[in-house]
Amino acid sequence: MKTTPLSRRTFLRGAVGGTAVALALPTLEAMLGARGAEAASTGPIFGVFFWGGGLPWHDGHGAPQAGHPDLWTPSTTGKEYTPSELLTPLAPFQPSVVTGLTPHTEVPDLPPGQSDGHMRGFMVAMTGDRIRPEGFDHPSHTLTALRPTLDQHVAKHSAFYGPEVPRFRSLVLGASNARFHDYGHWNAISYNGPDDLNPPIMNPGQLYDLLFGVAADTAGLKRRALLLDAVMEDAKSLSARVGAADKQRIEAHLDHLNQVKNRLDFSGEACAPPGKPAPSEDLITKTDIMASLLASALACNMTRVFSFMLSSPATTHVFSNLGVPNDFHATVHEGAWEHTRAGILYQMQAFAAFLARLQAVVEPTGGTLLDRALVFGLSEYGEGYQHSVAEMPCVLAGGANGKIRRNVHVRDPGGNWSKAHVTMLRGIGLETPSFGWNGGQTSEAFGDILV
């Protein structure tokens, strides 16, 4: 007997205090119809993972930084490269990496200071363009972008979503609350355009409520509990109409949300307003919770674009849990190489926890969210001791629905950052004849990575 596929916009529904509520579902086999696995791919996912502080410096960053080993660049190139010390935490996810990249954009003489790696490196890596000269002020570190950052370029590209725009064009998230300044790109890495920033959601409870919450006038803990209770009857009804695999998927989805709720309850996060960041804030734990919620949103097709600011540019996060006494910006400036190594390694471990959450979600096709995704990992410069923009880190994690080769190391000393941009944009299916501006434009891509 011919059956009608379940709508991809199916929700679990219920009521809380007389108010209708709806909980999104992950993709089910019953939603796929006759095309089955082929239809399951609802398009690639694009994300940005940013960490502050660059890399530990070495000879490749310049003469003043010489005398330290390169802990980032793999010793071999090509497929199945040998991961370096700092890339080892990411090795289970087989990321491709490009090393040697640097900005090729021009640097105007006026206003002075636009060559500062803190600002130039960030802007070129995130937008493909230089800093907007108008309004730039080096002493106060005031700057803005000339155009959208890569996450917003993708989210608002007419060809990325087409007519089926999800609930959120993008989610902008973050973890560490420490800031060098509370304005500009020091506070948020996602730009819509000049002086138009997207502040990140930093609170897991806020993210939970945005994605799955109900009436805003209900206390947070009660609201989360009521939501799951309210949709339970509808979940039982739907489970009776789908196959065994889908039934397990629905149960796993509800169980996952319940576990997240319990973690928030246990932490006390939901009962207390955001306070002054603790010096020993556990970034890996917080990243794991945020990534868990993000993975649910991606699985439920709420969005296909995100950015995640683990720590902000010039982060002042204190890694006291690693025995680093000062804030990270000061640590790097002081030339404390060992402490810098420890802080960056810890951030790579957080990156691994983030990717693990995407890897853990298996879709009806048998592939994972990470197989569908392309996660662009980067920092603001090559290293922070002298603010060098040589040897900037570039990680491409995930397979972008098979369009990005995994586990490849491409070495391109002095290479143009925007070659990576072209590679990523074409990898997620966006026609990109060229990318980059003001001296940074290129039509080239990394053919060893782009399928």
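Residues numbered from 1 in each chain as written. Predicted model: local features only at pLDDT ≥ 70, side-chain atom pairs only at ≥ 80, totals over all residues. Heavy atoms only, no water.

- The name an unreviewed UniProt entry gives the chain is DUF1552 domain-containing protein, with Polyangium spumosum as the organism.

1. Focus: the packing of aromatic side chains
Okay, step 1: For the structure shown, the criterion picks out 15 aromatic pairs.
Okay, step 2: Ring centres 5.6 Å apart and planes at 25 degrees place the aromatic pair Phe 49 and Phe 308 in the stacked group. Here Phe 308 lies in strand β9 (residues 305-309) and Phe 49 lies in strand β3 (residues 45-50), a separation of 259 residues in the sequence. Here Phe 49 and Phe 308 have matching classes, each one buried. (Phe/Tyr/Trp six-rings, centres within 6.5 Å; stacked < 30°, edge-to-face > 60°. Helix = DSSP H or I, 4+ residues; strand = E, 2+ residues; numbered from the N terminus. Buried < 20%, exposed > 50% of the residue type's maximum accessible area, 1.4 Å probe, protein only.)

2. Quick notes on helix α5 (residues 204-212)
Okay, step 1: A large share of α5 lies buried, amounting to 7 of its 9 residues.
Okay, step 2: Restricting attention to buried positions, one finds in α5 the residues Pro 204, Gly 205, Leu 207, Tyr 208, Asp 209, Leu 211 and Phe 212.
Okay, step 3: The N-cap of α5, judged by a side-chain oxygen 2.7 Å from the amide nitrogen of Gly 205 a few residues on, is Asn 203. (Polar contact = N/O pair within 3.5 Å; in protein donor to acceptor, adjacent residues only side chain to side chain.)

3. As for unusual backbone geometry
Okay, step 1: Following Leu 110, the chain continues to Pro 111 via a peptide bond in cis, the omega torsion being -15 degrees.
Okay, step 2: As for its placement among the helices and strands, Pro 111 is situated in the loop between β5 (96-101) and α2 (117-127).
Okay, step 3: Of note, Asn 401 is a non-glycine position whose phi angle comes to about 60 degrees, a positive value.
Okay, step 4: Position of Asn 401 relative to the elements: it lies in the loop between β11 (392-397) and β12 (408-411).

4. Concerning the environment of Asp 448
Okay, step 1: Within the element layout of this structure, Asp 448 appears in the segment after α13 (417-427).
Okay, step 2: You can call Asp 448 exposed: its relative accessible area is 54%.
Okay, step 3: With 44 residues separating them in the primary sequence, Asp 448 and Ile 404 have C-alpha atoms 9.1 Å apart.
Okay, step 4: Residues in contact with Asp 448, not counting those within four places in the same chain, are Arg 405, Val 408 and Val 410. (Contact = heavy atoms within 4.5 Å.)

5. Description of the side chain of Thr 423
Okay, step 1: Position of Thr 423 among the secondary structure elements: in helix α13.
Okay, step 2: Setting aside chain neighbours within four positions, we find Thr 423 in contact with Ile 404, Ala 445, Phe 446, Ile 449 and Leu 450.

6. Considering the layout of surface pockets
Vacant regions in the atomic arrangement are exposed by a probe of water-molecule size rolled over the atoms.
Okay, step 1: Approximately 480 Å³ is the volume found for the second largest pocket.
Okay, step 2: What lines the second largest pocket is a set of 18 residues, among which Arg 9, Glu 164, Pro 166, Cys 300 and Asn 301 lie closest to the centre.
Okay, step 3: Split by domain, the residues of the lining of the second largest pocket number at least three in each of domain 1 (1-40) and domain 2 (45-204 + 274-440). (1 Å grid on protein atoms, 1.4 Å probe; cavity = no way out; pocket = protein on both sides within 12 Å on 5 of 7 lines; lining within 4 Å. Points joined across faces, edges and corners; volume = space filled by probe spheres on them. Domains from an automatic or database assignment.)

7. Thoughts on the packing of α5 against helix α9 (residues 283-299)
Okay, step 1: Their axes nearest at 10 Å, the elements α5 and α9 cross at an angle of 10 degrees. Here α5 lies roughly parallel to α9, going by the angle between them. In this structure, α5 contributes Pro 204, Leu 207, Tyr 208, Leu 211 and Phe 212 to the contact, and α9 contributes Lys 286, Ile 289, Met 290, Leu 293, Ser 296 and Ala 297. (Axes fitted to C-alpha atoms, helices over the stretch in contact; angles between N-to-C directions. Parallel < 35°, antiparallel > 145°, perpendicular 65-115°, else oblique.)

8. What to know about the pattern of salt bridges
Okay, step 1: Within this structure, the stated rule accounts for 13 salt bridges.
Okay, step 2: For the salt bridge of Asp 371 with Arg 406, the shortest nitrogen-to-oxygen distance reads 2.8 Å. With Asp 371 in helix α12 (residues 369-372) and Arg 406 in the loop between β11 and β12, this pair connects stretches of sequence that are 35 residues apart.
Okay, step 3: Take Arg 406: its relative accessible area is 19%, and that puts it in the buried class. (Salt bridge = Lys/Arg side-chain N within 4 Å of Asp/Glu carboxyl O.)

9. Quick notes on the sheet that holds strand β10 (residues 373-378)
By definition, the strands of a sheet pair up through backbone hydrogen bonds, in either a parallel or an antiparallel sense.
Okay, step 1: Strand order in this open sheet of 8 strands is β4-β12-β5-β11-β10-β3-β9-β6, and the pairing throughout is mixed. Looking at the sheet topology across the chains shown, the edges are occupied by β4 (78-79) and β6 (171-174).
Okay, step 2: Sheet analysis places β5 next to β11, joined by 4 bridges and oriented antiparallel. Bridging from a neighbouring strand, Val 97 pairs with Val 395 of β11.
Okay, step 3: With respect to the sheet, α2 is in contact with β3, β10 and β11, its orientation differing from that of β10 by roughly 170 degrees.
Okay, step 4: The strands touched by α9 within the sheet are β3, β6 and β9, with β6 carrying the most contacts at an inclination of about 170 degrees. (Pairing = 2+ DSSP bridges.)

10. Looking at the packing of α9 against helix α11 (residues 337-360)
Okay, step 1: For the pair α9 and α11, interaxial distance at closest approach is 8 Å and the crossing angle is 25 degrees. Relative to α11, the element α9 lies roughly parallel. Of the two elements, α9 crosses α11, and the hand of that crossing is right-handed. Listed contacts from α11 to Leu 283, Ile 284, Thr 287, Asp 288, Ala 291, Ser 292, Leu 294, Ala 295 and Leu 298 of α9 are Tyr 346, Gln 349, Ala 350, Ala 353, Phe 354, Arg 357 and Leu 358.
Okay, step 2: For the contact of α9 with α11, the residue count by class is 11 nonpolar, 3 polar and 2 charged. (Left-handed = near helix turned anticlockwise from the far one by under 90°. Nonpolar A, V, L, I, M, F, W, Y, C, P; charged D, E, K, R; others polar.)

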